[in-house]
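For reference, the chains in residue letters:
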Amino acid sequence: MSIPQVILTVRLSALGDVAMTVPAVCSVALAYPETSMYVLTLTPFAPLFKYAPSNVHLLLVDKQEIRTLFGLYKTLRKIRRELRPNTVADLHNVLRSWLIDLYFSCYGCRVAILNKRRLGRLSLWFKKPYEQQRPFTRRYFDVFKKIGLEADASDFFLSLSSKHTSIKQSETPLIGIAPFARYQGKTYPPQLMRRSVKLLLKTTDCHILLFAGRSEAELAVVKRWQRESPRVTSVAGQYTLEQELDIMRSCALMLTMDSANMHLASLVGVRVVSLWGCTTPACGFLGWRQHKEDVIVAGLACQPCSVSGTNHCRYQNFPCLVAITPEMIVEKVKTILQC
């Protein structure tokens with residue numbers, strides 16, 4: 001099988017999922033410097049690839065540009081005329097990416113598609129004990145292997161240019177906490193997380209950095225927690241994605257949900273204690289190079305009830321999250337920090 005010269009790599013959303021593709025994209029690009037790799041993704045995710053190898057090029061689009069069939073067609077026609085890719089690596093495997101695959105296959109392009117193993121996911125609900133699904137970070141490597149590009153990424157982490165200097169450095173360990181996720185079924189109850197923060201401050205000599213989105217509700221919560229202790233600092237809503245990655249790199253560890261922040265911290269080589277509710281690591285979404293022993297999951301019979309997240313619970317109160325106590329979280333953190 002000949003080595004592709006121009007590859008169109010497709011992964012349009014979401015932030016955490018795009019972050020998971022970075023190790024594969026960058027490792028393959030490093031292993032095959034003669035191959036030009038064009039990554040088709042959404043504009044907000046550009047910082048994830050800023051420090052990629054020089055043969056990785058971004059094709060950034062806005063959601064509105066590809067919202068309609070005609071808009072998608074115009075984008076693809078422009079890509080074909082200007083770049084003439086001979087291979088498509090579909091790292092998304094959804095309807096929109098299928099249309100992209102079909103378009104380029106009509107012009108003779110070789111197409112390799114991510115295997116989501118959707119049938120295998122059913123075993124998570126109907127087969128107990130369920131089988132661990134292949135990590136998605138590894139499945140992205142499988143896509144490139146299909147087109148003859150194999151790479152070893154055992155030591156890959158995102159290399160940033162320099163430390164961010166606006167965060168006051170502390171002699172005590174910095175612990176980053178990202179207390180929110182996109183779905184309620186993934187979000188540890190805020191009142192329990194607040195107790196976890198207080199317990200951490202009481203039992204460890206650390207400084208806590210709070211990460212959150214830009215919504216008013218999330219910002220209000222982390223600002224309130226910041227006012228409760230001088231050893232808590234909110235970095236939410238103040239920095240670009242690239243700067244937040246730089247700040248994460250300063251942390252001794254991160255405490256997150258099964259969320260984009262877990263994957264962002266993983267990219268810069270930070271150890272993550274992750275909390276899992278309606279999903280479990282068995283779904284295959286554990287962060288790149290993270291340790292299974294750093295996962296906190298209740299292991300209830302109803303878990304997982306979703307692969308990617310949900311806002312609904314048959315028991316109303318998400319017992320999978322409530323069963324995780326602040327004491328369990330703090331004990332895990334202290335074990336890692338060896339307090």
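The model shown is predicted, which means the values in this text are computed figures rather than measured ones.

A. Geometry of the sheet that holds strand 5 (residues 110-113). If you walk across this open sheet you meet the five strands as 3-2-1-4-5, and the pairing is parallel. Whereas interior strands pair on both sides, the edge strands pair on one side only; in this sheet they are strand 3 (56-61) and strand 5. On average, each strand axis in the sheet is inclined to that of its neighbour by 20°, with strand direction left out of account. Bridge count between strand 1 (residues 6-10) and strand 4 (residues 87-90): four bridges; the pairing is parallel.

B. Representation of the pairing of strand 5 within the structure. Across four bridges, the pairing between strand 4 and strand 5 is parallel. By the bridge assignment for strand 5, T87 is matched with R110.

C. Molecular detail of the packing of aromatic side chains. Evaluated as defined, the whole model comprises six aromatic pairs. Judged by centre distance (5.1 Å) and plane angle (85°), the rings of Y103 and F104 are edge-to-face. For Y103, a relative accessible area of 11% corresponds to the buried category. The interplanar angle of 20° and the centroid separation of 6.0 Å between the aromatic rings of F141 and W288 together place this pair among those described as stacked. With F141 in helix 5 (residues 136-146) and W288 in the loop between strand 10 (272-276) and strand 11 (295-297), this pair connects stretches of sequence that are 147 residues apart.

D. The arrangement of the pattern of salt bridges in detail. Evaluation of the coordinates by the stated rule reveals seven salt bridges. Among the salt bridges present, the one from D17 reaches R11, with a minimum N-O distance of 3.7 Å. Judged by its relative accessible area of 6%, R11 is buried. A salt bridge links K50 to E242; the nearest nitrogen and oxygen atoms lie 3.1 Å apart. Here K50, found in the loop between strand 2 (36-42) and strand 3, pairs with E242, found in helix 8 (residues 241-249); they are 192 residues apart in sequence, far enough to count as distant.

E. Spotlight on helix 3 (residues 95-105). Within the span of helix 3, buried status applies to S97, I100, D101, Y103 and F104. Looking straight down helix 3, one finds its buried side chains confined to an arc of 165°; they lie on one side. Along helix 3, exposed side chains directed more than 90 degrees from the buried face belong to L95 and L102. On its buried face, helix 3 sits against strand 1, strand 2, helix 2 (69-83), strand 4 and strand 5.

F. Structural detail: the side chain of S97. Here S97 lies in helix 3. S97 gets classed as buried once you look at its relative accessible area, which sits at 0%. Apart from residues no more than four positions distant in its own chain, S97 is found in contact with V10, D90 and H92.

G. Structural context of the packing of helix 8 against helix 9 (residues 260-267). Contact geometry of helix 8 with helix 9 gives a least axis separation of 9 Å together with a crossing angle of 70°. By the angle between their directions, the pair helix 8 and helix 9 is classed as roughly perpendicular. Like other packed secondary-structure pairs, helix 8 and helix 9 cross with a definite hand, here right-handed. Contact with helix 8, carried on its side by L241, L245 and M248, involves N261, L264 and A265 of helix 9 and no other residues of that element. Taken together, the residues that form the contact of helix 8 with helix 9 break down as five nonpolar, one polar and no charged.

Conventions used here
- Residues numbered from 1 in each chain as written.
- Predicted model: local features only at pLDDT ≥ 70, side-chain atom pairs only at ≥ 80, totals over all residues.
- Heavy atoms only, no water.
- Pairing = 2+ DSSP bridges.
- Helix = DSSP H or I, 4+ residues; strand = E, 2+ residues; numbered from the N terminus.
- Axes fitted to C-alpha atoms, helices over the stretch in contact; angles between N-to-C directions.
- Phe/Tyr/Trp six-rings, centres within 6.5 Å; stacked < 30°, edge-to-face > 60°.
- Buried < 20%, exposed > 50% of the residue type's maximum accessible area, 1.4 Å probe, protein only.
- Salt bridge = Lys/Arg side-chain N within 4 Å of Asp/Glu carboxyl O.
- Arc of directions from axis to C-beta.
- Contact = heavy atoms within 4.5 Å.
- Parallel < 35°, antiparallel > 145°, perpendicular 65-115°, else oblique.
- Left-handed = near helix turned anticlockwise from the far one by under 90°.
- Nonpolar A, V, L, I, M, F, W, Y, C, P; charged D, E, K, R; others polar.

All quantities given are derived from atomic positions and should not be read as evidence of function.
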